[in-house]
Amino acid sequence: MKSEVQKGSYQFEKLESRHREAEFLAERAQMRLEGFVDLLHRHQIPATGKALEVGCGQGIRTGIIARNFPGLEVLGLDRSPELLAEAESSFKNSELKNLKFLSGDLYALPLAVDTFDFIYARLVFMHLENPTAALASLMRVLKPGGKILIEDADRDCMFFEPAPKSFADFWRKIQSAQRRLGGDPNIGRKLAPLLKQSGFSKVQIEVQNILGEGSDIKFLARTLMPSLNLYLVPEDRAEGEEAIKDLHRLAEDPSATFYHFWFAISGVKP
């Protein structure tokens, strides 16, 4: 049965300047990698069995899972053939024999019932029109006793200090545009209730405090904000570009700081 086409606020294949966005994606995927394996351990990733990363993109974290947990068979799944081609190329000559990639739709996974012991998704749910249906789909392929771990953000939990006057209006428009496109910029705070409502048990909640300074602000202004500016209707993008320039200027201020609260939520299939 073919799944109903769902809206979503991040569809790589429809983006303008996909080559540039792919480069930005690879750079952004490097953020906070140093704590990733510890995060997996804190949420009880098994040493053996099968693991799935949904929305794996270029496979950077999928590869880390495979490398650090050699007893797991690891599958990276994404809807973008272009990003999966990058992933497969990156690991073509790798020694990782426990790593594979597959193209598929999250709402209609081409996978058997009760297949995986662990499922991981990062920055996927904030872009979904129907997170409840997505969780039902993932529940189907997760084994009883298996665990899902979701990392995601909440755009209300990002702060720059001292914030440029232009940022508040830009950020409000970004969030409004994301909702219009079918995503939820505030999904982070909603993940725990969603998992409980979807039937997951032993829900574990982790809120991570991220503190940065000028170099971090510059990185976000260069690699993230231009991508988000494409959410806006064309007549608002020039204003968005000016707000991004203000962030670049803020990054030169030695007193400037960046704060972000990041959510990691896990649950078990009964």
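Up top is the structure.
In what follows, the accompanying structure is described.

Observations concerning the overall build of the protein chain
Part 1 of the argument: Helix and strand counts for the protein chain stand at 10 helices and 7 strands.
Part 2 of the argument: By the compact-globule yardstick of 18 Å for 270 residues, the protein chain fits well, its C-alpha radius of gyration being 19 Å.
Part 3 of the argument: Relative to its 270 residues, the protein chain shows a buried fraction of 53%.
Part 4 of the argument: A separation of at least 24 residues holds for 82% of the contacts in the protein chain among residues at least 6 apart in sequence.
Part 5 of the argument: Surface summary for the protein chain: the accessible area is close to 12800 Å², and the carbon and sulfur share equals 54%.
Part 6 of the argument: Considering the protein chain, the positive charge centre built from 35 side chains and the negative charge centre built from 37 side chains are found 4 Å apart.

A few points about a nonpolar patch on the surface
Part 1 of the argument: Side chains of Phe-159, Ile-205, Val-207, Leu-211, Tyr-259 and Phe-261 sit close together on the surface and give an oily, nonpolar patch of about 560 Å² of accessible area.
Part 2 of the argument: Looking at the nonpolar patch, the elements with two or more residues in it are strand S6 (201-212) and strand S7 (257-268).
Part 3 of the argument: Top element by residues in the nonpolar patch is S6. It accounts for 3 residues.
Part 4 of the argument: Mapping Val-207 onto the fold places it in strand S6.

Considerations on the packing of aromatic side chains
By convention here, two paired aromatic rings are described through the distance between centres and the angle between planes.
Part 1 of the argument: The final tally for this structure, using the stated rule, is 8 aromatic pairs.
Part 2 of the argument: Centroid distance Phe-160 to Phe-258: 5.3 Å. Interplanar angle 35°. Geometry classified as tilted. Here Phe-258 lies in strand S7 and Phe-160 lies in strand S5 (residues 142-161), a separation of 98 residues in the sequence.
Part 3 of the argument: Grouping aromatic residues by their ring pairs yields a cluster made of Phe-160, Phe-167, Phe-170, Trp-171 and Phe-258.
Part 4 of the argument: Positioned over the ring face of Phe-36 is Arg-61, at 5.4 Å from the centre of the ring.

Quick look at the sheet that holds S6
Part 1 of the argument: Pairing is mixed across the open sheet formed by 7 strands, whose spatial order is S3-S2-S1-S4-S5-S7-S6. Edge positions in the sheet fall to strand S3 (99-103) and S6, since each of these pairs with one other strand and no more. Geometrically, the sheet is characterised by an average inter-axis angle of 20° between neighbouring strands, direction not taken into account.
Part 2 of the argument: Summarising the sheet, strand S2 (residues 72-78) and S3 pair through 5 bridges and their orientation is parallel.

Quick look at the pairing of S5
Part 1 of the argument: When you tally the buried positions in S5, you get 14 out of 20 residues, the bulk of the element.
Part 2 of the argument: Pairing analysis gives 6 bridges linking strand S4 (residues 116-122) to S5, with the strands arranged parallel. Paired with Tyr-120 across the strands is Leu-149, a residue of S5.
Part 3 of the argument: In this fold, S4 hands off to helix H5 (residues 131-141), which returns the chain to S5; that crossover is right-handed.
Part 4 of the argument: By the bridge criterion, 11 bridges tie S5 to S7 in an arrangement that is antiparallel. The residue of S7 that forms the bridge with Met-158 is His-260.

Topic: the packing of helix H8 (residues 214-223) against helix H10 (residues 234-251)
If you want to describe how two helices pack, look at the angle between their axes and the distance between the axes.
Part 1 of the argument: The geometry of H8 relative to H10 is characterised by a closest axis approach of 8 Å and an angle of 160° between their N-to-C directions. Taken together, the axis directions place H8 and H10 in an arrangement best described as roughly antiparallel. Where H8 crosses over H10, the two elements pack in a sense that is left-handed. Contact with H8, carried on its side by Gly-214, Ile-217, Lys-218, Ala-221 and Arg-222, involves Ile-244, Leu-247, His-248, Leu-250 and Ala-251 of H10 and no other residues of that element.
Part 2 of the argument: Looking at the contact of H8 with H10 residue by residue, the classes come out as 6 nonpolar, 2 polar and 2 charged.

The rules behind each value
Residues numbered from 1 in each chain as written. Predicted model: local features only at pLDDT ≥ 70, side-chain atom pairs only at ≥ 80, totals over all residues. Heavy atoms only, no water. Helix = DSSP H or I, 4+ residues; strand = E, 2+ residues; numbered from the N terminus. Rg over C-alpha atoms; globule rule 2.2 N^0.38 Å. Buried < 20%, exposed > 50% of the residue type's maximum accessible area, 1.4 Å probe, protein only. Contact = heavy atoms within 4.5 Å. Areas by Shrake-Rupley, 256 points an atom, 1.4 Å probe, with all protein chains shown as cover. Lys, Arg positive; Asp, Glu negative; His and termini not counted. Charge placed at Lys NZ, Arg CZ, Asp CG, Glu CD. Patch = residues over 30% accessible without salt bridge, like charges linked within 9 Å, V, L, I, M, F, W, Y side chains within 5 Å. Salt bridge = Lys/Arg side-chain N within 4 Å of Asp/Glu carboxyl O. Phe/Tyr/Trp six-rings, centres within 6.5 Å; stacked < 30°, edge-to-face > 60°. Lys NZ or Arg CZ within 6 Å of the ring centre and 35° of its normal. Pairing = 2+ DSSP bridges. Axes fitted to C-alpha atoms, helices over the stretch in contact; angles between N-to-C directions. Right-handed = clockwise from strand over helix to strand, strands pointing away. Parallel < 35°, antiparallel > 145°, perpendicular 65-115°, else oblique. Left-handed = near helix turned anticlockwise from the far one by under 90°. Nonpolar A, V, L, I, M, F, W, Y, C, P; charged D, E, K, R; others polar.

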